[in-house]
Amino acid sequence: MVVLHRLQVEHILSGSTDMLALISDKSAHGGPVEGALTRIKAEPNARSRIVSDSHQWEAPMSYAEILVALGEDDAAYQRASYAGMLAGQLGASLLGVLSRWPHPPDVEPNATIGMVGELLAEARASCRLDLATVEAGFRATVEPSVDQVFFAGGIGSMTEAVLREARRADLIVIGRSTPSGDDDGFCDAQVLLVRGGRPVLVVPPAYEARALPRHIAIAWRDCRASRRVVREALPLLRRAQQVSVVTLNEVLSATPASSAADIVGFLQSHGVPARASGRSGAAPLRELLHILDEDDADLLVAPAYCSNQLVCSELMRQTTRMLSRCRIPCLLST
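To start, this report covers the structure provided alongside it. (Residues numbered from 1 in each chain as written. Predicted model: local features only at pLDDT ≥ 70, side-chain atom pairs only at ≥ 80, totals over all residues. Heavy atoms only, no water.)

**Overview of the overall build of the protein**
Then comes step 1: A tally of helices and strands in the protein yields 13 helices and 10 strands.
Then comes step 2: Taking the contacts inside the protein whose residues are at least 6 apart along the sequence as the reference set, 78% of them involve residues at least 24 apart.
Then comes step 3: In the form shown here, the protein has an accessible surface area of approximately 16,900 Å², with 52% of it arising from carbon and sulfur atoms. (Helix = DSSP H or I, 4+ residues; strand = E, 2+ residues; numbered from the N terminus. Contact = heavy atoms within 4.5 Å. Areas by Shrake-Rupley, 256 points an atom, 1.4 Å probe, with all protein chains shown as cover.)

**Quick word on the environment of P256**
Then comes step 1: Tracing the chain through its elements places P256 in the loop between β7 (242-247) and α11 (257-269).
Then comes step 2: Put simply, P256 and R221 are 35 residues apart on the chain and 8.8 Å apart in space, counted from C-alpha to C-alpha.

**Here we look at the pairing of β7**
Then comes step 1: The buried fraction of β7 is high, at 5 of 6 residues.
Then comes step 2: Both strand β6 (residues 215-220) and β7 contribute to a ladder of 6 bridges, which runs parallel. Residue pairing across strands places I216 opposite V243, the latter belonging to β7.
Then comes step 3: One ladder, built from 3 bridges, connects β7 with strand β8 (residues 274-276); its direction is parallel. Bridge pairing links V243 to A274 in β8. (Buried < 20%, exposed > 50% of the residue type's maximum accessible area, 1.4 Å probe, protein only. Pairing = 2+ DSSP bridges.)

**Some words on helix α6 (residues 113-142)**
Then comes step 1: The terminal C-alpha atoms of α6, which comprises 30 residues, lie 44 Å apart, in line with the 44 Å expected from a rise of 1.5 Å per residue.
Then comes step 2: Looking only at α6, the buried set comprises A123, C127, L131, V134, G137, F138 and V142.
Then comes step 3: Buried-residue contacts for α6 involve β1 (65-69), α5 (74-90), β2 (93-100) and β3 (149-155). (Expected span 1.5 Å × (residues − 1).)

**Observations concerning the pattern of salt bridges**
Then comes step 1: On inspection of all chains with the given rule, the structure shows 9 salt bridges.
Then comes step 2: The salt bridge involving E232 is made with R228; its shortest N-O contact spans 3.0 Å. Note that E232 and R228 are positioned in helix α9 (residues 224-232) at a spacing of 4 residues, about one turn of the helix.
Then comes step 3: Among the residues examined, E232 registers a relative accessible area of 13% and is labelled buried.
Then comes step 4: With relative accessibility at 26%, the residue R228 sits in the partly exposed group.
Then comes step 5: Put simply, E72, R100 and D130 are held in one network by salt bridges that share partners. (Salt bridge = Lys/Arg side-chain N within 4 Å of Asp/Glu carboxyl O.)

**A closer look at the nonpolar core**
The nonpolar side chains of soluble globular proteins are, as a tendency, buried together.
Then comes step 1: Judged by nonpolar contacts, the single largest core of 85 residues is most densely connected at I66, L237, L267 and L300.
Then comes step 2: A total of 7 residues in this core trace back to one element, the largest contributor, which is α5.
Then comes step 3: Those residues in contact with I66 that sit more than four places away from it in its chain are L86, A87, L90, A92, S93, L94, L95, L171 and V173. (Core = buried A, V, L, I, M, F, W, Y, C linked by side-chain atoms within 4.5 Å.)

**Considering α9**
Then comes step 1: Every buried residue of α9 is accounted for by A225, S226, V229, V230 and E232. The arc that holds the buried residues of α9, viewed along the axis, is 165°, so those residues lie on one side. Those residues of α9 that are exposed and angled more than 90 degrees off the buried face are R224 and R227. (Arc of directions from axis to C-beta.)

**Considering the sheet that holds strand β4 (residues 171-175)**
Then comes step 1: Pairing is mixed across the open sheet formed by 10 strands, whose spatial order is β3-β2-β1-β4-β5-β10-β9-β6-β7-β8. Unpaired on one side and paired on the other, β3 and β8 mark the two borders of the sheet. Across the sheet, the mean angle separating the axes of adjacent strands is 20° when strand polarity is ignored.
Then comes step 2: Sitting on the sheet, α5 is in contact with β1, β2, β4 and β5 (200-203), with an inclination near 175° to β1.
Then comes step 3: Of the strands in this sheet, β6, β9 (299-303) and β10 (330-333) are in contact with α9, which crosses β10 at around 125°. (Axes fitted to C-alpha atoms, helices over the stretch in contact; angles between N-to-C directions.)

Here you go:
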């Protein structure tokens, strides 16, 4: 049996005579390669169908583990509850992560090194006690709806802890960052997007939901980040009742209308009820927020940054503003 990689299939479909001869020799006794070649000869659209099939082989069916960044405030427990709902309904395990620095002790001017060491030890012990308290609250919140729950706590940077634990997760769920960022135990969304290698779901404060997103809006730009985030969101998109693809024109680039039709076709081939919204805007942020309010969407899927350096800084600025003003969760990727 000859097993072909997707790139080999595309090479065959491009019309390489040498490759066709080689594969024909190896498939003289029949098999999947001969079937592919037969389809190429018999069907005019065989190339697009076979490549579409290769995409389906790679598409994620679901998330195996979801990571949620925890905290000690009410918004953090609501975020954990939302992540637990996602994990429970998607059949995934849930990993809660919390890392924080101890509060610096008050040191008298005449304190000795031994006294300072004791104060630091007390601060670290108090920090570990706080971690244990958060873990207990986290488990009590999510265990009724999630089969497998894990916790990773430590002392140090919250962003670095999430980056470290994200190696085992499919999706990262965080809250909005504050101006002081990681100093207050918040995750830096920009750092996670650039270095994490995983899609990041940013949940606004006080957001509650008891079911998977029913209406998902996709902010579509014809760039690598858009294509990647759409593919990574497939486990949620497949379970939505409605998916709207909103084409947005950037300040320094325009997204061709044909690319929206292509992405709608891609989603429909994966069983997603997608349609193009038919609306676009030269002011992406304002137009997007208006569409979200008008269509009553409950999840936004959008690229965070792109490889084009001319527009990357503008997209970073717009992403930051979008996260501060959007009232629904935003699934982002780079």
